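# An overview of the molecular structure
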Amino acid sequence: MSKIRAVITGVGGYVPEYILNNQELSTMMDTSDEWITTRVGIKERRILKEPGAGTSYMAVKAAEDLFSKVATKPEEIDLILVATTTPDYIFPSLAAVVADKLGIKNALGFDIQAACSGFIVALTNAASFIESGRYKKILVFGAEKMSSITNYEDRTTAPLFGDGAGVVLVEPTTEEVGVMDSLIMTDGSGGKHLMLKAGGSANPASYETIDKREHSVYQEGQYVFKHAVTNMANSSGDIMDKNGLKSEDISWLIPHQANLRIIDAVVARTGVDYSRVIINIEKYGNTSAATIPICIWEREKDFKKGQNIILTAFGAGFTWGAVWVKWGY
Ligand code: UT7
């Protein structure tokens, strides 16, 4: 009997209309287009402005986009995995909120918290659920309203983040396509260098946590940068070496979009031609777990069946890794 693999069979995405560019940011804090462009590679980011709208607003729009393109109906979905750091609520899960808004009644749904690496962790989980034979039609989201945890008085983090959502449909196949291999890791000793300090059970919300701005991203940029470079570059290289893949075998490299200089280091380690590297950081900034599915959504039309794609990410935890996908359609 041939092996069951998990293959991506559809993609959807959504980014908010409002564009916050570097010029506007420069009027809000002591920064400049020149600094942000040369140090990070971002020109603009999307911000969700709809009153009362949380991350589910964008995840639902992404799913509606997906369902407009695939034969599968919402009622056929049997599992929903949502990678997010910015759920609408601590509970219920974003997966539950999204399921309700999409009218999905026959599915298990839960969130996966692996920060910026969330999508590759969720996709790896989806692959295991499919390979086990237990689930047949899985929605895997990466969706974030990073503006809700960004301090717009902090020039060291505010320029970095944006809002958006992407989703893929994952189904079983016996063809030699789909999620072929995955290397993902966690090192909790990195936790204190990139975190949201308050609002959890260790440090619940209080007047003091609000005064100290502890409900927005805290990041030691240089420390995180070094670990992101090393771990994204090594995990991408390792998954290629393990599977005998040479740089010329890789049709597309899709790195997490946190910093163009980190992406350049991953490109150097893998040897993949720059024309094969998917980059949209200049338009959307770092949308955390949503960067990779938004890249897939934007470039879906360029992919061909059987092409080798490497996804790689690094985020809070620390978590990081790489996934080798053979495109399925
Ligand atoms: O996605 C999850 C994982 N996160 C990441 O991968 C992010 C990793 N880190 C980074 O991408 C970079 O460290 C940052 C983009 C966050 C910062 O870039 P950097 O080159 O590491 O800058 P730095 O923190 O070393 O700061 C250099 C200088 C400092 O000034 P002094 O001390 O040299 O006078 C900062 O105060 O740049 C200053 N600076 C700014 N200047 C203008 C910091 N932010 C800004 C700003 N505009 N927005």
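## As for helix H4 (residues 94–102)
Along H4, the residues that are buried comprise Leu94, Ala95, Val97, Val98, Ala99 and Leu102. Buried residues along H4 sit against helix H3 (55–67), strand S4 (79–83), strand S5 (108–112) and strand S6 (138–145). Just past H4, the residue glycine 103 takes up positive phi, approximately 70°.

## Observations regarding the environment of glycine 315
Here glycine 315 lies in strand S12 (residues 308–315). Glycine 315 gets classed as buried once you look at its relative accessible area, which sits at 1%. When the C-alpha positions of glycine 315 and proline 74 are compared, they lie 31 Å apart, and in sequence the two are 241 residues distant. With residues near it in sequence (within four places) discarded, glycine 315 still touches Ala115, Cys116, Ser117 and Leu194.

## With respect to the sheet that holds strand S7 (residues 163–173)
Read from one edge of the open sheet, 5 strands run S1-S7-S6-S4-S5, paired in mixed fashion. Whereas interior strands pair on both sides, the edge strands pair on one side only; in this sheet they are strand S1 (5–14) and S5. The average angle at which neighbouring strand axes cross in this sheet is 20°, direction not considered. Here S4 runs beside S6; their pairing, made up of 5 bridges, is parallel. Residue pairing for S6: isoleucine 80 is matched across the bridge by leucine 139. Against the sheet, H3 makes contact with S1, S6 and S7, and its axis sits at roughly 115° relative to S1, the strand it touches most. Sheet strands in contact with helix H10 (residues 291–299) are S1, S6 and S7, and its direction is about 85° off that of S1.

## Brief notes about the side chain of glutamine 257
Following the sequence through the fold, glutamine 257 ends up in the loop between strand S11 (250–255) and helix H8 (260–270). When its relative accessible area of 0% is taken as the criterion, glutamine 257 is described as buried. One polar contact links the side chain of glutamine 257 to the main-chain carbonyl oxygen of proline 255, over a distance of 2.7 Å. At a separation of 3.0 Å, a polar atom in the side chain of glutamine 257 contacts the main-chain carbonyl oxygen of isoleucine 278. Setting aside residues no more than four positions away along its own chain, glutamine 257 makes contact with Ile263, Ile278, Ile279, Asn280, Ile281, Gly285, Asn286, Thr291 and Cys295.

## Observations concerning the site of the ligand
Among the 24 residues in the neighbourhood of the ligand, the closest are listed as Thr31, Arg39, Gln222, Asn259 and Asn286. Within the backbone of arginine 155, one N or O atom sits 2.8 Å away from a nitrogen atom of the ligand. Considering the ligand on its own, with 960 Å² of exposed area, one finds that the protein chains cover 75% of that surface. Of all the secondary structure elements, the ones that give two or more residues to the shell around the ligand are helix H2 (33–39), helix H7 (221–242) and H8. With 5 residues, the single largest contributor to the shell around the ligand is H7. Grouping the amino acids of the shell around the ligand by side-chain chemistry returns 12 nonpolar, 8 polar and 4 charged. Taken together, domain 1 (5–176) and domain 2 (180–326) each give at least three residues to the shell around the ligand, which thus spans both.

## Examining the packing of aromatic side chains
Applying the stated criterion across every chain yields a total of 9 aromatic pairs. Both rings, one in tyrosine 14 and one in tyrosine 57, keep their centres 6.1 Å apart while their planes meet at 70°; by these two values the pair is edge-to-face. Residue tyrosine 14 is found in strand S1, and its partner tyrosine 57 is found in helix H3; the two are separated by 43 residues along the sequence. Linked through ring pairs, Tyr223, Phe314, Phe318 and Trp320 together constitute an aromatic cluster. The positively charged end of lysine 49 is found above the aromatic ring belonging to tyrosine 18, 4.5 Å away from the centroid. Directly above the ring of tryptophan 252 sits arginine 276, whose terminal nitrogen or CZ lies 4.8 Å from the centroid.

Conventions we followed
Residues numbered from 1 in each chain as written. Predicted model: local features only at pLDDT ≥ 70, side-chain atom pairs only at ≥ 80, totals over all residues. Heavy atoms only, no water. Buried < 20%, exposed > 50% of the residue type's maximum accessible area, 1.4 Å probe, protein only. Helix = DSSP H or I, 4+ residues; strand = E, 2+ residues; numbered from the N terminus. Contact = heavy atoms within 4.5 Å. Pairing = 2+ DSSP bridges. Axes fitted to C-alpha atoms, helices over the stretch in contact; angles between N-to-C directions. Polar contact = N/O pair within 3.5 Å; in protein donor to acceptor, adjacent residues only side chain to side chain. Near = heavy atom within 4 Å. Areas by Shrake-Rupley, 256 points an atom, 1.4 Å probe, with all protein chains shown as cover. Nonpolar A, V, L, I, M, F, W, Y, C, P; charged D, E, K, R; others polar. Domains from an automatic or database assignment. Phe/Tyr/Trp six-rings, centres within 6.5 Å; stacked < 30°, edge-to-face > 60°. Lys NZ or Arg CZ within 6 Å of the ring centre and 35° of its normal.

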